[in-house]
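Residue strings, one per chain:
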Amino acid sequence: MTQQQSHPQTANGDDIIIMENVKKRFGDFWALKGITTRVKRQEVVVIIGPSGSGKSTLIRCINHLEKHDEGRIIVDGIELSHDVRNIEAIRREVGMVFQQFNLFPHMTVLDNITLAPRIVRKWPREKAEKLAMELLDRVGIADQAHKYPGQLSGGQQQRVAIARALAMQPKIMLFDEPTSALDPEMIKEVLDVMRELARSGMTMVVVTHEMGFAREVADRIIFMDAGQIVEEGTPEHFFTNPRHERTKLFLSQILHH
Amino acid sequence: MTTTTQTHTTPSLITSIWHWLRDNLLTPWYNALITIIVTPIVAFVLYRILAWIFFAAEWDVVKQNLRLFMVGPYPQEELWRSWVTLGIVVLLSGLSWGAWRGREWTAPISVVVLGILGALFLPITAASKINLLIMAAIFVGGQFLGAWKGEHLRKYVVWLWVLSFFIVLIILWDVRPSSTPPFFEANIPSGQVGGLTLTILLAVIGIVASFPIGVLLALGRRSSLPVVKTFSILYIEIIRGVPLVTVLWTASLLLPLFLPSDIRVDKFIRAVTGITLFSAAYLAENVRGGLQAIPKGQYEAAQALGLNYRQMMQYIILPQALRIVIPALVGQFIALFKDTTLVLIVGLLELLAIARSVISQPEFIGLQREVFVFIALIYWVFSYSMSYTSRRIEERLNVSRR
Ligand SMILES: Nc1ncnc2c1ncn2[C@@H]1O[C@H](COP(=O)(O)OP(=O)(O)O)[C@@H](O)[C@H]1O
Ligand SMILES: [Mg+2]
């Protein structure tokens, strides 16, 4: 299972996400112009690229928060069609963490985390709360369980959001710029949690501008621009000799920032 | 602006009153002018009103018709049924107060004080006075029980309220399927419940029944299914475009057409149906306002966790949307409370209709003022306590979210 590197295009049972020529249109504007890629089990993929290049749209297609218009997306053997049952089955297996946290402000931290296991997985309260406390412990804020999200700092809220997604025991975690809304001193606490998650073998697709994190944690980096994958490869490849001009330009801008 | 210098000595009462007057009423110069003109007018009006209330008004008309104002033409010998009804409501209020607020003293003390004052000074029969004291005792007992069992009781209390609704109808009117024998010897047609009791029943049933319909219409209006959406929009806009009187007429004239001819729809049911259908449209618009205030991220987070549409609405979206619209809903409830006066046109005698029938009796001629001031006071007491409660609820919700 833990077989790490291999070429992304090889098809075998180890591919947990398969995207073939995925296109997405908003009105007349093509946000995704034909994306083909695969993610292996336990692989950590970091997606980078300029703002508006379609990174969010891409990962939101994976759990069908956006409907793709053409192409195929297969997640853990289930094809994303417009069949509601398939969509709900996939969403149970895919956790998502948003830039703006999106915690439920009317519930305590503990209720935020136990809600989905209890009503979607039909777990009894005790079982859900036991797991929730373990997860809060894992992200380092077990003492905040009975507070409301509004009483926490941004970094703490984002860690609650990670725990909430993990409570569904997903096979894949999607992160859409999880540290972009945070004050600098809180970025590290969130990245630490994500680093630990990657080490534990979780399959992760992460959109981020944190190049240090990408270099250290990613198995593979995808560079997107204008709705297309321009270049993908290992961190060494990216940070030492990127092939495309656009990649070089983007990296020089972001690294000298 | 002011030329006087601030002194650090504690000001005497007189000076602090003077400062308040100066800051609020006398500066700048045109405020002083307005104050000088308005004060005597206000004083004069107040003087006349108070003089009238305490010396000129003949409150006997209220005393003699108090029962009529409270329950309308409900037969005297069946009056115990309305007391039992009140007892149930008071017991549940006490239980709820105890279950949610715990062992808190202001409510039971005010209830007991009001009960004793009422028993001492209200112009009612000795039996009614005793009943009043029993009601106060029931409230206190209910609160004690509620506080004792606390949180475990909350779920049951909610269901008891739902159940009590049917029990109240059975006790007051003997509402039942026509095939079963009556529970009570005396059969009371619904037209015989009136006065304040009818007003409260119409308003409470109207708002409770219109709530689920209004929420569904609000969701329907935002639906992606064209049929559902069109129906909701048409319903909401048509109902909001016509006055309540029209809806009441239509309900009372058209309802019999849709039902089998052997079912004669009771006046009260017709009025409640009309009020419910009317209120639902306004409620839908209020709820829609709340739904619009919920950020898109809340929907996305719920969906990403695998919640389906119903679960997302029930657990995430509606609880937040409804909190936002509490003030609007209370406002609507107060409006509805006052709008119940219109059921006069289908032949029901709520508070205002009773008032009119009282002043049209020969022995009470010329006493309109007393009667209308009295019922205005009743409407005000109810409306104000509702808006006060809503503000308190809002404060509590805000505090728990900080
Ligand atoms: N709901 C939408 N409606 C219209 N255009 C959208 C919508 N969402 C995204 N877009 C457009 O699609 C493009 C890609 O957006 P996005 O995936 O959010 O980019 P990124 O996450 O890389 O910054 C952008 O040009 C954006 O304006
Ligand atoms: Mg984005």
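Note that the structure is a prediction, hence the values are computed from the model and not measured.

1. Quick notes on the overall build of chain A
Part 1 of the argument: A count of helical and extended segments in chain A gives nine helices and 10 strands.
Part 2 of the argument: Over its C-alpha trace chain A gives a radius of gyration of 18 Å, about what one expects of a compact globule, namely 18 Å for 257 residues.
Part 3 of the argument: Its C-alpha atoms put chain A at 50 × 45 × 40 Å along the principal axes.
Part 4 of the argument: Counting across all 257 residues of chain A, residues that qualify as buried make up 58%.

2. Thoughts on the interface of chain A and chain B
Part 1 of the argument: Contacts between the two partners involve 24 residues from chain A and, on the opposite side, 21 residues from chain B.
Part 2 of the argument: In total, chain A and chain B occlude about 2000 Å² of area from one another, counting both sides; carbon and sulfur atoms represent 62% of this.
Part 3 of the argument: Viewed at the interface, chain B and chain A are joined by one salt bridge.
Part 4 of the argument: Across the contact surface, chain A and chain B share six residue pairs in polar contact (both at pLDDT 80 or more).
Part 5 of the argument: Broken down by secondary-structure element, the contributors of at least two residues to the side of chain A that touches chain B are helix 2 (84-93), strand 6 (94-97), helix 3 (109-119) and helix 5 (154-166) of chain A.
Part 6 of the argument: Broken down by element, the residue count for the side of chain A that touches chain B peaks at three residues, all from helix 3 of chain A.

3. Some points on the packing of aromatic side chains
Residues and elements named next belong to chain B.
Part 1 of the argument: If you walk through the whole model with that rule in mind, you get 11 aromatic pairs over all chains.
Part 2 of the argument: Consider the rings of Trp52 and Trp59, whose centres lie 5.7 Å apart with planes at 70°: the pair is edge-to-face.
Part 3 of the argument: A ring pair is formed by Phe337 and Phe382, whose centres lie 5.4 Å apart and whose planes are at 25°; its orientation type is stacked. Remark: Phe382 occurs in helix 17 (residues 368-401) and Phe337 occurs in helix 15 (residues 326-339); sequence separation between them is 45 residues.
Part 4 of the argument: With a relative accessible area of 28%, Phe382 lands in the partly exposed category.
Part 5 of the argument: Every member of this aromatic cluster is reached through a ring pair, and the members are Phe337, Tyr379 and Phe382.
Part 6 of the argument: Positioned over the ring face of Tyr156 is Lys155, at 5.9 Å from the centre of the ring.

4. As for the sheet that holds strand 2 (residues 29-40) of chain A
Residues and elements named next belong to chain A.
Part 1 of the argument: One open sheet accounts for four strands, arranged 2-1-4-5; its pairing is antiparallel. Whereas interior strands pair on both sides, the edge strands pair on one side only; in this sheet they are strand 2 and strand 5 (78-79).
Part 2 of the argument: Pairing between strand 1 (residues 15-26) and strand 4 (residues 70-75): five bridges, direction antiparallel. Among the inter-strand pairings, Ile18 is bridged to a residue of strand 4, identified as Ile74.

5. Side note on the packing of helix 8 (residues 151-173) of chain B against helix 9 (residues 195-221) of chain B
All names here are of chain B.
Part 1 of the argument: Put simply, helix 8 and helix 9 touch, their axes get as near as 13 Å, and they point 150° apart. By the criterion of interaxial angle, the relationship of helix 8 to helix 9 is roughly antiparallel. Helix 8 and helix 9 meet at a crossing whose hand is left-handed. Taken together, the residues of helix 9 that come into contact with helix 8 (itself represented by Phe165, Val168, Leu169, Leu172 and Trp173) are Thr197, Leu201 and Ile205.
Part 2 of the argument: The class makeup of the residues in the contact of helix 8 with helix 9 is seven nonpolar, one polar and no charged.

6. Some thoughts on the sheet that holds strand 7 (residues 172-176) of chain A
All names here are of chain A.
Part 1 of the argument: Across the sheet, which stays open at both edges, the six strands sit in the order 6-7-8-3-9-10 with mixed pairing between neighbours. The strands lining the two open edges of the sheet, one partner per strand, are strand 6 and strand 10 (228-233). Within the sheet, the average angular offset between the axes of one strand and its neighbour, ignoring direction, is 20°.
Part 2 of the argument: In this fold helix 6 (residues 184-199) packs onto strand 3 (44-48), strand 7 and strand 8 (203-207), with an angle of close to 145° to the strand it touches most, strand 8.
Part 3 of the argument: Running at roughly 100° to strand 9 (residues 220-225), helix 9 (residues 245-255) makes contact with strand 3, strand 9 and strand 10 of the sheet.

Rules used throughout
Residues numbered from 1 in each chain as written. Chains lettered and ligands numbered in written order. Predicted model: local features only at pLDDT ≥ 70, side-chain atom pairs only at ≥ 80, totals over all residues. Heavy atoms only, no water. Helix = DSSP H or I, 4+ residues; strand = E, 2+ residues; numbered from the N terminus. Rg over C-alpha atoms; globule rule 2.2 N^0.38 Å. Buried < 20%, exposed > 50% of the residue type's maximum accessible area, 1.4 Å probe, protein only. Contact = heavy atoms within 4.5 Å. Buried area = accessible area lost by both parts, 1.4 Å probe. Salt bridge = Lys/Arg side-chain N within 4 Å of Asp/Glu carboxyl O. Polar contact = N/O pair within 3.5 Å; in protein donor to acceptor, adjacent residues only side chain to side chain. Phe/Tyr/Trp six-rings, centres within 6.5 Å; stacked < 30°, edge-to-face > 60°. Lys NZ or Arg CZ within 6 Å of the ring centre and 35° of its normal. Pairing = 2+ DSSP bridges. Axes fitted to C-alpha atoms, helices over the stretch in contact; angles between N-to-C directions. Parallel < 35°, antiparallel > 145°, perpendicular 65-115°, else oblique. Left-handed = near helix turned anticlockwise from the far one by under 90°. Nonpolar A, V, L, I, M, F, W, Y, C, P; charged D, E, K, R; others polar.

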